[in-house]
Every structure is written in C-alpha cells, then in structure tokens.
Amino acid sequence: MPDVAASSRAIPRVLNGETLSPPPIWMMRQAGRYLPEYRETRKTKPNFLEFCYDTDLATEVTLQPIRRYGFDAAILFSDIFVVPDALGYPVRFEEGRGPVLEPLSELLVRGLDQSRANSHLDPVIATVKRLREELPSGTSLLGFCGAPWTVACYSVAGHTTPDQTAARVGSYRDPDLLQAFIDALVPASIDYLVRQLEAGADAVQIFDTWAGVLDDEGFERWSVAPTRKIVSGVKARAANAKVIGFPKASAARLIGYIEGTGVDAVGLDWTVPAGLAREIQKKVPIQGNLDPMRLVAGGRALDEGVDRVLEELGQGPLIFNLGHGVTPDADPDDVKRMIDRVRRSG
C-alpha cells in the first residue's frame, strides 16, 4: 500500500516539483558538534567508525536536532567512509585530523570484497529502519553516500591534501588505478543507497564535496560518469527513488552535471549566482544555499542571507539548506533564529 504519510511530507513534495511556502528546511551535518547534546553522546564511544555502526547511538544523534528544532528532514548519521570500510579498505579516524586511509595501491584494490559489504553495513541499515519508526510521521528521512571521486580523494595520499592535489596528480599519473577503485565503489554505493531507500529513507543524497577541484575532463570522468552509474543503478532497483546530487564548487558545470547524471535535484553551495540558480530551478528542484559563515556570524548577516535566498529562489521548488555543512562554531540559538525566519516567510 502507498505510504500516505510519505506522500504528504514536504521534502518529497518539493522533489516532485512542488513549490511550497515556506520551503522545507534541514541542514547538512545538522547532527553534529555544534550541539552540546551531540558532544555528550559522542563521548560514550571515542572510535568514530564504531560510533557510526552503533545503531542506538547513531539513532540518538540523528534525532537530537529533530527534537530540538523540528527540521523537516532528518539525515542519517553516518559517514561517507563506511562504504570503503565495508569493502575492506583500511580506514581510521584520528582526533584532530579526520579520516586516514591507507594510500591507494593495486594490492589494496585487488583485495576489495563486494560480498562482505552488505553484512558490514547491516547496522547502518538497522539505524535507518529505527529512525523511520521513531521519527514523526511528517518528517522526511534522508540517506546518503559519498561520491566515488570524493571518497577516492582521501585514498590516494591516505588523507586530505590542499585542493586535493595528491588525488589530482594521481588521476593523471595512474588513471587506471583510480578507475579500478572507483569502479569498486560504484556497485557498493548503489547497493547501500537502495538498501537505505528500502529501509525507509524518502530520498538519498550523493555528496561530491571535491568535485570542484577537477578540470573539465576530470569532472566528466571522475564526478559525472560514476554518479550517473549510481543514479541509474539506484533507479533501476528502487521504484520512484529520488536522488539529490551535491557537487560542491561546481557552479559553472551544474547544468551539465544535472543532464549528465540524471539526479532529481541538486544542492547548491553559496557561490552559485542567483541567476544561474533560477535557471537550474527550471530543470530540477534545488537545495541550498545559505553561506554557513552567515550562520556563524548570526544577527543581521544571518537574517539578510536567509531573506536573500528566499527572495531569489523561493518562487520555485526549493529545499532551504546551507551551502555546505554547519560548522562546530555555529551557535544553536542562531540555528533556531534561521529556522524561525524561514518558517515565518510562508
């Protein structure tokens, strides 16, 4: 039977092309370090990947911003590196440094095992199911994965580098090795997203945080092509699946990205000009694009930024969001101020 509650949720309605006033709102990284309750919960399990795989804890921190703010969507608390971890690629997180992967090698790629991925990710899927049961019926649930290029960026050198220079150099020097790794990430990502949708997610997002560092040829090969395979693979297996793409810092290429990947909606970072955003909005719903630093600044800067997004983009299908994730130095009171201002606009 159709899920009546799902059909009335605001975000699926926007993803189907409706313009709502006020627009629905959620924030990337809304379950995170800016919230004191998150920081307290996080202390209970210092190993970050273990925290992600703990269904009780991941459910709790996903629900925290919903309880506090009543966002229109909850996004699964997890990490983009659970997919390579599930395939057997060595991943760890270091305090103050973030994700650290073993440097990419032919030996590591040959050792990746698709057959172990689903069972390894079972705790994450259990979290999705639990969330759908515990969330208010009118609240959307979003799943996600990392785009293969962005995941691969951390593997070439074993860690992030300025402007992902190591990954870019690696893509030129040994494109076959990078291609082999991306080719392993694609089917695992498809399986992962389909399972999230089957477990109760209303839509899924593909985060390509580092798409903007690529040249034209690289953008097509490493960002668009793998994303297209993931989108088509998900849609072939999940009826009416909705996929949001987020290729950060790719303003001039966004229309080509939409046409080349088949995403149903696109996330915009704060550098996308309003005129271009409106042209994109004629093709697909958009999500964004308040500068996260306006949220940190608060006050008049925040109010003016919220008003500008609503004025410039609110006449078409819009999901209000930041142009990237909320940062740890954001004030929780300013998050409420932002939400209240968006909701008063309707």
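Just above, that's the structure.
Peer 1: How would you sum up the overall build of the protein chain? Please name residues and give values.
Peer 2: When you go through the protein chain residue by residue, the secondary structure sums to 18 helices and nine strands. Relative to the globule expectation of 20 Å for 346 residues, the C-alpha radius of gyration of the protein chain, 19 Å, shows essentially globular dimensions. Reported as C-alpha extents along the three principal axes, the dimensions of the protein chain are approximately 55 × 45 × 45 Å. Within the protein chain, the fraction of its 346 residues that count as buried is 59%. Contacts in the protein chain between residues far apart in sequence, at least 24 positions, make up 72% of those at least 6 positions apart.

Peer 1: How would you summarise the side chain of Gln205 if you had to cite specific residues and measurements?
Peer 2: Position of Gln205 relative to the elements: it lies in strand S5 (residues 203-208). With a relative accessible area of 1%, Gln205 lands in the buried category. Excluding anything up to four places from it in sequence, Gln205 contacts Trp26, Met28, Gly143, Phe144, Cys145, Ile244, Phe246 and Gln287.

Peer 1: Report on the sheet that holds strand S6 (residues 243-247), specifying residues and quantitative values.
Peer 2: Spatially, S1-S4-S5-S6-S7-S8-S9 is the arrangement adopted by the seven strands of the open sheet, whose pairing is parallel. One side of each edge strand has no neighbouring strand; the edge strands of this open sheet are strand S1 (73-75) and strand S9 (318-322). If you compare each strand with its neighbour and ignore which way they point, the axes differ by 25 degrees on average. Of the pairings in the sheet, the one linking S1 to strand S4 (residues 140-146) comprises three bridges and is parallel in character.

Peer 1: Could you give an account of the pattern of salt bridges, with specific residues and numbers?
Peer 2: Summed over the entire model, instances satisfying the criterion amount to 24 salt bridges. When the shortest N-O distance is used, the salt bridge between Asp56 and Arg130 registers 3.0 Å. Here Asp56, found in helix H5 (residues 55-69), pairs with Arg130, found in helix H9 (residues 122-134); they are 74 residues apart in sequence, far enough to count as distant. Judged by relative accessible area, Arg130 falls into the partly exposed class, the value being 26%. With its nearest N and O atoms 2.5 Å apart, the salt bridge here joins Arg195 to Asp122. Taken together, the residues Arg195 in helix H12 (residues 175-199) and Asp122 in helix H9 connect sequence positions 73 residues apart. For Arg195, a relative accessible area of 19% corresponds to the buried category. Looking at Asp122, the relative accessible area reads 37%, which means it is partly exposed.

How each quantity is defined
Residues numbered from 1 in each chain as written. Predicted model: local features only at pLDDT ≥ 70, side-chain atom pairs only at ≥ 80, totals over all residues. Heavy atoms only, no water. Helix = DSSP H or I, 4+ residues; strand = E, 2+ residues; numbered from the N terminus. Rg over C-alpha atoms; globule rule 2.2 N^0.38 Å. Buried < 20%, exposed > 50% of the residue type's maximum accessible area, 1.4 Å probe, protein only. Contact = heavy atoms within 4.5 Å. Pairing = 2+ DSSP bridges. Axes fitted to C-alpha atoms, helices over the stretch in contact; angles between N-to-C directions. Salt bridge = Lys/Arg side-chain N within 4 Å of Asp/Glu carboxyl O.

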